[in-house]
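Residue-level structural notes
So the chains spell out like this:
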Amino acid sequence: MLVYLYRFNMFVSPWFCAHHFVLNSSKSIVPILLATIALFSCSPQSEHSGTQAKLTAQAGKPLSSESGLLQVSSPDWRDQIIYFLMTDRFNDGDVSNNDLGLGEFNPTKESHYNGGDLQGVIDKLDYIQRLGATAVWMTPPVKNLWWSEASQYAGYHGYWARDFKSIDPHIGTLEDYQRLSKSLHQRDMYLIQDIVINHSAPLFTYKGGYDPDNTRQNFTLLGDKADIFPTQTPFDKADRLNHKHAQANIYNWTPSINDYNSYEQQSRYQLGNLADINTRSPEVLKAFKESYRYWMKEAGVDAFRVDTAKYVDHDFWQHFFHDEDGIQAQARELGKSHFLTFAEVFAFSEPYQDNGEQNLRSYLGSKSTPEFNSVINFPLYQSINKVLAEGQPSKQLAYRLEQHMHYPDPFTVVNFVDNHDVKRFLSAASIANFKQALSVIFTIPGIPVIYQGSEQAHKEARQAMFSGGYLAESDQFDTTSEMFVFIQSLAELRKRYRVLSRGHLTLLDANEYGAGLLAYRRDYQGQTALILMNIAPHSILVEGLSISAQKQRIKEKNDASLNSLHLVFSEQLDSPPSLNKAGELNVVLPANAIALLVTNVAPDDAGAKPISVIQTDSALSDVIVELDNHISGEVYTQDIEISGSITTGKETLKAIINGNLDKAITLHSDENGRFGFVFPVRNLGESQYTLQFYAPRYQITSSIQQFTTRVQKPEYGVVVEDKANDAHGPTGQYKSPQHENSAGQREILKADAKAAGGNLILTLDMQKVTNVWGAANGFDNVAFSVYFNFPKALAGPIQSAKVLPYLNASMPHDLTWSLGHIIFGWGNSLFTPNLSLPQEKGDKLGMAPEVNVDYQKQQIQFIYHGDSFGVSSWQGVQFYVATWDMTGEGTFRELLPEVGPWHFGGATAQSPKIMDDILLRF
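This part covers the pattern of salt bridges. Under the counting rule described, the total for this entry stands at 36 salt bridges. Across the pair Arg78 and Asp76 runs a salt bridge whose closest N-O atoms are separated by 2.7 Å. For Asp76, a relative accessible area of 7% translates into the label buried.

Now the structure itself:
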C-alpha cells in the first residue's frame, strides 16, 4: 500500500507485503459434473439479471465428501460481512511457536512478532461469528522474512515473503490452516487470503545513486543472502551482482520510488525498499499462478485480497486471473462460481471529482480483458474520514456514494472504515462519529469490513487483541462492549433486511455547506429503506424531505408502501420522524443521530415502530415566511441587516444559521408580522453561511439562503522568526530518521498568525515541504502538534491541562492548553483536554482545520474556523507548535539512543518527542 510508505518504516513497513510459494502435489478431487457446471456458469458480475441467485442457491455446500468442508461453493458476496484480522496481533493460541530465536519476538513492541497464530483464530471463531461476520480475511499466512536488520523491523505482518507456498512457522502449519478453513465452512463462513505479487522483502537497495543504464553500480544487499533471500524458486534469484540472477530478471533492479506520479516508477521501482518483482517475466507469472492455485486447492480459500495491486502492470492481472491455467480457472475446477478477487489500489478522489474511482475501475478491466472482479473502496474511505471525522460538508460524502454506484458491480465492492494500513478512525474522531461511519458501510451497497479491534474501540492500528500483546494489558474480546453490541446490531439489520445489501441506492439530500443532513434511500423487491444521519455536532431541523420515488426518479416505484414505514434502528434520536400527506418527512435530528426506516417489516419484528402520517391543516398552506432582501449568492464585507415577514402577524421565529438548531436566534415578529436582526461580519477570510427561518408553532420554514462574508483585515497578528537549523530536539542532540526521504521537513523557520472574529490563519514557513508518499493532507515526514492557551476571560469554565499527549512533555512556561490539534500526512483532528492522558488525546471534536500547502514557498497553512467549535475571538490566545513525525497508522515515531531508518535518535524513549517548536501570542 502506498500507506506503507508513510506509516511505517519504508523498509520496515509491515505493510510491505510479500508472498511465499511452496510446491505441493496433493490435489482436491472435485466431481466432474460440478466442475462442468461451474465452467459454464455465468459471471457473477451479471447477478443483477438473476444469475447470482441461481449460482449461489447452494452456497456453502460441500463440493465432495472426500474434501469434506475444505471446499465449498461461492456465497452471494453481496450479503457477506468481512472480519479482517492481523494473525500475529489477533490471538495467541499456541505459545510454542512465538519465539523462533532470531530476536524477532517481543510482544511489547509494534515492530516485532507478538505471538498470534492460526490456532488463536480457530479458538475465537465463536467471537467473530457472534459479532455478525460471515467471512474472515487474514493477513498473508506465508513464510516471511522474520527480521530485517536494515529496517529494524520484523515480518510479522505477512507481507515480506520468503516462500509464497508455505505457512510461516510463527503462525502454525498447513494442517492448522486447513482446520481453520474447515471450521469456517462448517459455520457457513468463508476464508479470504491476503496475497502479494508486487514484491518480496527488503533485500537490496542502491547506496550512492542509481544509474538505470548500469544497475550493478551501487547495488547493495540489505543483509546476508542466507538470512534474507527467499527460499522459493525463482524468487531466490535476487542478487544483481550474480550473473545468473541478473540474467533471470526475476526482479526489477531499481531503487525506491521517489515520484508516485510516474507510472514507470510505480510499476518498476521498489515500494519502500521492498524488492520489486518483475511481473513481466513468464517465469514469475507461472510461479505465482502455481503458488496461489496451491492455496485454493490445499486450503479451500474462497477469495483473495491482493496487496499493492496498483504497483503491478494491468496485463499481469489479466493473465494471472483469466488464463486457462489462471486463478479463475482453478476456481471453476473447484466449483466456486464467484471467486472474489479484490484489489488494494490506494487512490483517493478530490472533493466532487471521481479521479480515484476512475483509477480503481481501471483494475476491473473490461469484458474483453478482465482483471479483478472487485476493489477496496479507498475513495469512499477518504470521504468518510473527511466528512465524519473532520467535519467537511455532508454533500462530499453524498457525492462519493453516487460515484460508488458507477462501479460495474457496486454490491461487491469492499468498503471499510479501519484497516492495518491507516490510522484508526477513533484516533481522530468520537464514538458517535465512528458509529455513523460504520452505519454508512453497513447500509450502502458493497461488502462491509470490520477490522479487528474496531468492535473494542481501539485507537491504535496495530494493537494486539490478546493479553500481553502490543498495548494489550488484558484480552480484548468483550462481547458486551458498546462497539461490539453496536456492530452486532448493524450486522443483524443487514441480514434481516436484504434491501440493505441488495437494494439500489438513491441520494435524497445532503448539506452542501457544512456538516449536517445525509439522507439516502434503498429499494429492493418492493421494500424501501430510508437512512438519515445528522453528521453535525448540533441538532438540525429536517422539514419537508421528499422521499417519494417519483420525485427522486426511482425506477422501482413502490411508494404506496411508504405509509408502512417503520423505525427499526436509531442512535441519539429523541423523537421519531413523521410523514405528511405529500410524502415528505419531518424530524429534528440531534447531534450525530442515526435513523433507519424500513417498509414492509415482518409482523414479528417487535422492535419496529410505525411512523405517523400527519394530516396537515390546509390553512397552514397560507402561512408564509419570506425575506425582504434576497441575500443568496451575495458576498458581504460589512454587517448585514436582514428583515422579513410572516403572514400570521405576531409570532416567535428561529433564525437558524448553518443549520445549527441548538444555537438558533429567537426572533419575535410584530403585529404586522415584521421581524429582523443584524448578522455580524467578523470572521477573517471568506466564510460560507446558510440562513433559514423557522416558525415552530406551524412547523413552517423559509427557503434556505446561502451567502458569503469576506474580511481581509485581521484584528490580531503576530510573526515569529525561528532559529535556522535548530530542529535537533530540546538538547540539540536529536537526530532525524535516516531513510532517504527524511530531510528538513521538521524545521520551522517562521510562524505567521492572523485572526479576526472566530477565524485564525496560521502559516508555517518550513525548511522543506515534501509529499513524496502522496499523503492526503499534502505533506509528509512531519507531524505538527498545536496547543492553544486561552485567557480566562475567553476560556471561562473550559477544562485545561499541562501535559501534551504523546510528546512526553508539557506546555512551556507553565502554560496550560484548552484546545489541541494534531495533524500529519494522513490525519487531522481537534480535541479538548477532557479525558486526555500522556498517551491519549482528549475528547475529539469530529472536525479539523483546513490545510493548504504551498510547495513553491515551502509553507503549510492551517485555517481554524472557531465558530464550529465555540471560539468567537482569539484575543490574548497563546499557541505552541511542535514538530515530530508519525507513521501512516498514526503513531508517533520512536525515540531511541541510536538513530535508525525509521526512528529518531539521540535520547531515551521517555524524552520529549519534539524536534522543533515555536510559541506565539496575540
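That shown, we press on.
So, on to helix α7 (residues 174-186). Given a rise of 1.5 Å per residue, 13 residues ought to cover 18 Å, and the 18 Å separating the end C-alpha atoms of α7 matches this to within 8%. Those residues of α7 that fall on the buried side of the exposure criterion are Leu174, Asp176, Tyr177, Leu180, Ser181, Ser183, Leu184 and His185. The first or second residue beyond α7 is Asp188, which carries a positive phi of 60°.

Moving on to the packing of α7 against helix α11 (residues 282-299). Each pair of packed helices can be summarised by the angle the axes make with each other and by the distance between the axes. Contact pair α7 / α11: the axes reach a minimum separation of 9 Å and the direction vectors enclose 65°. Residues Leu174, Tyr177, Gln178 and Ser181 of α7 pack against Tyr294, Trp295, Glu298 and Ala299 of α11. Residue composition of the contact of α7 with α11, grouped by class: five nonpolar, two polar and one charged.

Moving on, we come to the nonpolar core. If you look at the biggest cluster of nonpolar residues, it comprises 208 residues, and the most contacted ones within it are Trp317 and Phe320. Among the elements that line this core, the one with the most residues is α11, at nine residues. With residues near it in sequence (within four places) discarded, Trp317 still touches Ile197, Val306, Ala309, Val312, His322, Tyr363, Glu371 and Phe372. Counting residues in hydrophobic clusters, the runner-up holds 32 residues, among them Leu762, Leu764, Val769 and Phe779.

A separate point is the pairing of strand β18 (residues 517-524). The buried fraction of β18 amounts to eight of the eight residues, a majority that puts the element mostly inside the structure. The two faces of β18 match: Leu517, Ala519, Arg521 and Asp523 on one face and Leu518, Tyr520, Arg522 and Tyr524 on the other face are all buried. Alignment of strand β17 (residues 504-510) against β18, held across six bridges, turns out to be antiparallel. Counterpart to His504 in the pairing with β18 is Asp523. Taken together, β17 and the strand that follows it, β18, pair antiparallel across an intervening segment of six residues.

As a further point, take the packing of aromatic side chains. According to the stated counting rule, one finds 70 aromatic pairs in the structure shown. Note on Tyr210 and Tyr269: the rings are 5.9 Å apart at their centroids and 75° apart in plane angle, and the pair reads as edge-to-face. In this pair, Tyr210 sits in the loop between β10 (204-206) and β11 (219-221) while Tyr269 sits in the loop between α10 (263-268) and α11, placing the two residues 59 residues apart along the sequence. Note on Tyr269: relative accessible area 15%, which makes it buried. Feature note: the residues Phe164, Phe235, Phe288, Tyr292, Phe304, Phe316, Trp317, Phe320, Phe321, Phe339 and Phe372 constitute an aromatic cluster, connected by ring pairs. Over the ring of Tyr156 we find Arg89, and its NZ or CZ is 3.9 Å from the ring centre.

Now for the sheet that holds β18. Note on sheets: strands pair through backbone hydrogen bonds, and any given pair is parallel or antiparallel. The strand order across the open sheet built from six strands is β17-β18-β19-β24-β21-β25, with neighbouring strands paired in antiparallel fashion. Among the strands making up the open sheet, the edge pair consists of β17 and β25 (609-610). Where strand β21 (residues 566-571) and β25 come together, two bridges link them in antiparallel fashion. Of the residues in β25, the one forming a bridge with His566 is Pro610. Packed on one face of the sheet, helix α18 (residues 482-496) meets β21 and β24 (594-598) and runs near 155° to β21.

What follows covers the confidence of the model for the protein chain. Note that predicted coordinates carrying low pLDDT should not be read in detail. Within the protein chain, residue pLDDT values average 91, and 90% of them lie at 70 or more. Here residues 1-57 is a poorly scored stretch, pLDDT under 50, and it has 230 contacts once near neighbours within four places are set aside; other chains count.

Now for unusual backbone geometry. Cis geometry marks the peptide bond from Thr233 to Pro234; its omega dihedral reads 5°. Tracing the backbone through its elements, the reader meets Pro234 in the loop between α8 (225-228) and α9 (243-248). Located in the positive-phi region is Gln572, a residue other than glycine, with phi close to 60°. By the element assignment, Gln572 lies in the loop between β21 and β22 (578-580).

Attention shifts here to the environment of Tyr524. By the secondary structure assignment, Tyr524 is in strand β18. Relative accessible area serves as the criterion here: at 18%, Tyr524 is assigned to the buried category.

Moving on, we get to the pairing of strand β45 (residues 859-865). Burial runs high along β45: five of the seven residues are buried. The pairing of strand β44 (residues 850-854) with β45 spans five bridges and is classified as antiparallel. Counted as the bridge partner of Asn852 is Gln861 from β45. What sits between β44 and β45 in their antiparallel hairpin is a turn of four residues, with Gln858 showing a positive phi close to 60°.

Analysis parameters
Residues numbered from 1 in each chain as written. Predicted model: local features only at pLDDT ≥ 70, side-chain atom pairs only at ≥ 80, totals over all residues. Heavy atoms only, no water. Salt bridge = Lys/Arg side-chain N within 4 Å of Asp/Glu carboxyl O. Buried < 20%, exposed > 50% of the residue type's maximum accessible area, 1.4 Å probe, protein only. Helix = DSSP H or I, 4+ residues; strand = E, 2+ residues; numbered from the N terminus. Expected span 1.5 Å × (residues − 1). Axes fitted to C-alpha atoms, helices over the stretch in contact; angles between N-to-C directions. Contact = heavy atoms within 4.5 Å. Nonpolar A, V, L, I, M, F, W, Y, C, P; charged D, E, K, R; others polar. Core = buried A, V, L, I, M, F, W, Y, C linked by side-chain atoms within 4.5 Å. Pairing = 2+ DSSP bridges. Phe/Tyr/Trp six-rings, centres within 6.5 Å; stacked < 30°, edge-to-face > 60°. Lys NZ or Arg CZ within 6 Å of the ring centre and 35° of its normal. pLDDT = per-residue confidence, 0-100.

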